[in-house]
Amino acid sequence: MIKDKGTQLEAYERHTLKKRAALIVAALAAIAAALFSAGVGSITIPAWEIVKTIFGAGDAQQNTVIWGIRLPRVTAAILVGAMLASSGAVMQCVLHNPLASASTLGVSQGAAFGAAVGIIVFGGGVVNSASAATAVTVNDPYIVTLCAFVCGSFSTAVIIAISRFKRDIGPGGLVLAGVALSSLFSGGSTLLQYFADEQKLGAVVFWTFGNLGNANWTELAVLAAIFAVSMLYFLLNRWNYNAMEAGGDTARSLGVNTRAVMLVSMGVCSLSAAVAVSFVGIISFVGLVAPHIMRRFVGNDYRCLVPASAVAGALLLILADTFGKWVIAPVVLPIGAITSFFGAPLFLILLFRGGKTYG
Amino acid sequence: MVEVEGLSFAYNKSAGDVLHDVSFRLEDGKCLAVLGNNGAGKSTLIKCIDRICPAREGRVLVDGEDVHRMSGSEMAQKIAYVPQSAGAVNMTVFDTVLLGRKPYIKWDVTREDREIAASVIHSMGLDDYVLRSVSELSGGEAQKVMLARALAQEPRLLLLDEPTSNLDPRNQHEALRTVRRIAQERSISVCIILHDLNLAIRYCDSFLFLKDSQVYAFGGREVMSPENIEDVYRMHVHVMSYMGIPQIIPFPDIRI
């Protein structure tokens, strides 16, 4: 049956609108979850009170709680979730590997080791109180972030080298390389902790749990800036990613400098992961799982997938954090443990059906 | 007019050339069959022409312009390439064809780009699959999508690496007829790597035999002689005509 070509174009444009609608729905869900999450804690605050306070009409107590504690925490969840998930989507594309993400390839663990070096060797952080929310202060975020980036990039470089020189390694093989790198860096972190004094040891151990409560507004500004730059870069390259999704040779024949796009993208992804890790600790699986959830709704079109992954990552991290605050309240469980608990089974499911769908 | 002059390629300097001093020319609207045994350098030749493998020496002229001096996007507006078995792309047919407009995209696709994609999809008879994922299609349909993607590039030269390898006999003929029709309608030059000599002699205008990384013979129908085929493929053949259709009949049992 031959139809008029105009109706095909209309059908495609309706399809594009549907994908945008899915993106908007996910974004609204994330905002709703953020408002709800900001209300959960030792004092429960209803969502509309939070909106009122954000627009400057709250009372003094609400101002303190919301601006001082709740909003920084939820903003950290949004930024870190969005960074990890958007870079996960991009890593999966440029490495042609559905199992790629900062935590499965050992980039996060490398960054964590680097941050531990920053805290212990260069004295970038201390334990300052017993309160769970502010137990560790990174008093020199720049040195910690720099160390995290250097060591995270080491993992990235090893992964890139393996994927270039051993092309038949396959998705599973690359993840095994990630496991090797993770244990290398975990071993390094353990040794550092072994020789660290008690106060610094506490700082590192507590911080490796993954804790959104660490972030203050200055650090959040740094996070937001890095997120904005990485997102801009990812979106500028959305058509290059689409071309690379169709295969390396096809992408090159379409005029894409695949090597440059791959190297710079991986660099930007490791920077994102390193910054996220150095401010809130290792948060596993969000970067892996969020893009795969959104692939089901918006497909593999990176014009939509990159922002959609960012939104889904933010939403997942907010939900995980809310769960951590609520489940045995008033104790706040560390976010890293929660995402690992929920992420590991999802990762196993992906392993079993990943090769079929995306291999 | 496409002119390939003295193209050579080696994976590294110590090893020998995988491709040595290959030259040929191709008129607009004509189809060239690239023939030769496995490992003769056919795929490498096509990748070298499209700069996917960087040539050691030589140049490629499309309408008199040296395409290897152009930027990636400029060259992609001249040359399109369809790799062998590029089936399992998990994107919709429309998005895949729209990808052919990539070399023209400044900030984002325009309405014109979408219309070109829609009209190529229509002319390839793919209307019913617009929103289906390419990975769900049959081999023949997926091959058509890849061809449509290449045509959306509006190239002057189309490079096809074994476009019939995953197709059933009927689809093999249909694919090559489509390629031939499009080549004539849009006056595009086409290079096709083929293993089936009967398809080559039936649908192509000129023939390039590669042997031991070099051009063994290049020309029109006259180079498809039993002697040349025997030399290149190490196999005895008869070339004859049945109801006006050229036929190549192999006799692999006869020692030569």
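Remember, it's a predicted structure, so these values are computed and weren't measured experimentally.

K.L.:
Go over the overall build of chain A, please, and point to the residues and values.
P.N.:
In terms of helices and strands, chain A carries 14 helices and two strands. Scaling as 2.2 N^0.38, a compact globule of 359 residues should have a C-alpha radius of gyration of about 21 Å, and chain A matches this with 21 Å. Taking the principal axes of the C-alpha coordinates as reference, chain A spans close to 70 × 50 × 35 Å. Within chain A, the fraction of its 359 residues that count as buried is 54%. Sequence separation of 24 or more characterises 77% of the internal contacts of chain A that already satisfy a separation of 6 or more.

K.L.:
Account for the interface of chain B and chain A, with residues named and values stated.
P.N.:
Of the residues lining the interface, 31 residues belong to chain B; the matching set on chain A comes to 27 residues. Those elements that place two or more of their residues in the side of chain B that touches chain A are helix 2 (72–76), strand 6 (79–82), helix 3 (93–98) and helix 4 (111–123) of chain B. Considering every element that reaches the side of chain B that touches chain A, the biggest residue donor is helix 4 of chain B, with six residues. Its residues assigned to classes, the side of chain B that touches chain A shows 17 nonpolar, seven polar and seven charged.

K.L.:
Explain the packing of helix 12 (residues 286–298) of chain A against helix 13 (residues 302–326) of chain A to me, and be specific about the residues and the numbers.
P.N.:
All names here are of chain A. Axis separation between helix 12 and helix 13 bottoms out at 8 Å; the angle between their running directions is 125 degrees. The angle between helix 12 and helix 13 falls in the class oblique. Judged by the twist between their axes, the crossing of helix 12 over helix 13 is right-handed. For the pair helix 12 and helix 13, the contacting residues are V286, A290, P291, I293, M294, R295 and V298 in the first and C304, L305, A308, S309, A312, G313, L316 and L317 in the second. Among the residues making up the contact of helix 12 with helix 13, the classes are represented as 12 nonpolar, two polar and one charged.

K.L.:
Outline the nonpolar core, supporting the account with residue identities and numerical values.
P.N.:
Within the largest apolar cluster, 197 residues are counted, with the highest numbers of intra-cluster contacts made by I318 of chain A together with V34, V97 and I192 of chain B. No other element matches the 16 residues that helix 3 (residues 60–94) of chain A contributes to this core. Looking at which domains feed residues into this core, each of domain 1 (2–78 + 155–251) and domain 2 (87–153) of chain B gives three or more. Among all residues touching I192 of chain B, those that are not within four sequence positions of it are C31, L32, A33, V34, L160, P163, V179 and C204 of chain B.

K.L.:
Would you mind going over the pairing of strand 6 of chain B in detail, with residue names and values included?
P.N.:
Residues and elements named next belong to chain B. Side chains I79 and Y81 of strand 6 all project onto a buried face; the interleaved residues A80 and V82 project onto the opposite face, where all are buried too. Bridge count between strand 6 and strand 7 (residues 157–161): four bridges; the pairing is parallel. By the bridge assignment for strand 7, A80 is matched with L158.

K.L.:
With reference to specific residues and values, describe the confidence of the model for chain A.
P.N.:
In low-pLDDT regions, the fine details of the predicted coordinates are not to be read closely. Residue and element names in this part refer to chain A. Summing up the model confidence of chain A, the mean pLDDT is 84 and the portion of residues at 70 or higher is 91%. Residue range residues 129–134 is modelled with pLDDT below 50. Its contacts to residues more than four positions away, or to other chains, number eight contacts. Every residue in residues 355–359 scores below 50 in pLDDT, and together they form six contacts with partners more than four places removed in sequence or on other chains.

K.L.:
Quick rundown of the sheet that holds strand 5 (residues 65–66) of chain B? Include the residues and the values.
P.N.:
Residue and element names in this part refer to chain B. Strands sit in the order 2-1-4-5 across an open sheet of four strands; the sheet is antiparallel. Unpaired on one side and paired on the other, strand 2 (19–26) and strand 5 mark the two borders of the sheet. Bridge count for strand 1 (residues 2–9) against strand 2 is five bridges, and the pairing is antiparallel. Bridging from a neighbouring strand, V4 pairs with F24 of strand 2.

K.L.:
Requested: an account of the domain arrangement of chain B, with residues and values cited.
P.N.:
All names here are of chain B. Entries for chain B in the domain assignment read domain 1 (2–78 + 155–251) and domain 2 (87–153). Every contact between the two is made by 11 residues of domain 1 and, on the other side, eight residues of domain 2. Put simply, the parts of the chain that give the side of domain 1 that touches domain 2 at least two residues each are helix 2 and helix 6 (169–186). When residues of the side of domain 1 that touches domain 2 are assigned to their parent elements, the largest contribution, three residues, is made by helix 6. Per-class residue counts for the side of domain 1 that touches domain 2 are seven nonpolar, four polar and no charged.

K.L.:
How would you sum up the environment of M75 of chain B? Please name residues and give values.
P.N.:
Note that M75 of chain B resides in helix 2. Residue classification places M75 of chain B among the buried positions, given that 22 C-beta atoms sit within 10 Å. For the pair formed by M75 of chain B and D50 of chain B, sequence separation is 25 residues and the distance between their alpha carbons is 8.1 Å. Among residues more than four places away in sequence, those in contact with M75 of chain B are G255 of chain A together with R51, V67 and M70 of chain B.

Conventions used here
Residues numbered from 1 in each chain as written. Chains lettered and ligands numbered in written order. Predicted model: local features only at pLDDT ≥ 70, side-chain atom pairs only at ≥ 80, totals over all residues. Helix = DSSP H or I, 4+ residues; strand = E, 2+ residues; numbered from the N terminus. Rg over C-alpha atoms; globule rule 2.2 N^0.38 Å. Buried ≥ 20, exposed ≤ 12 C-beta atoms within 10 Å, placed from the backbone. Contact = placed C-beta atoms within 7 Å. Nonpolar A, V, L, I, M, F, W, Y, C, P; charged D, E, K, R; others polar. Axes fitted to C-alpha atoms, helices over the stretch in contact; angles between N-to-C directions. Parallel < 35°, antiparallel > 145°, perpendicular 65-115°, else oblique. Left-handed = near helix turned anticlockwise from the far one by under 90°. Core = buried A, V, L, I, M, F, W, Y, C linked by C-beta atoms within 7 Å. Domains from an automatic or database assignment. Pairing = 2+ DSSP bridges. pLDDT = per-residue confidence, 0-100.

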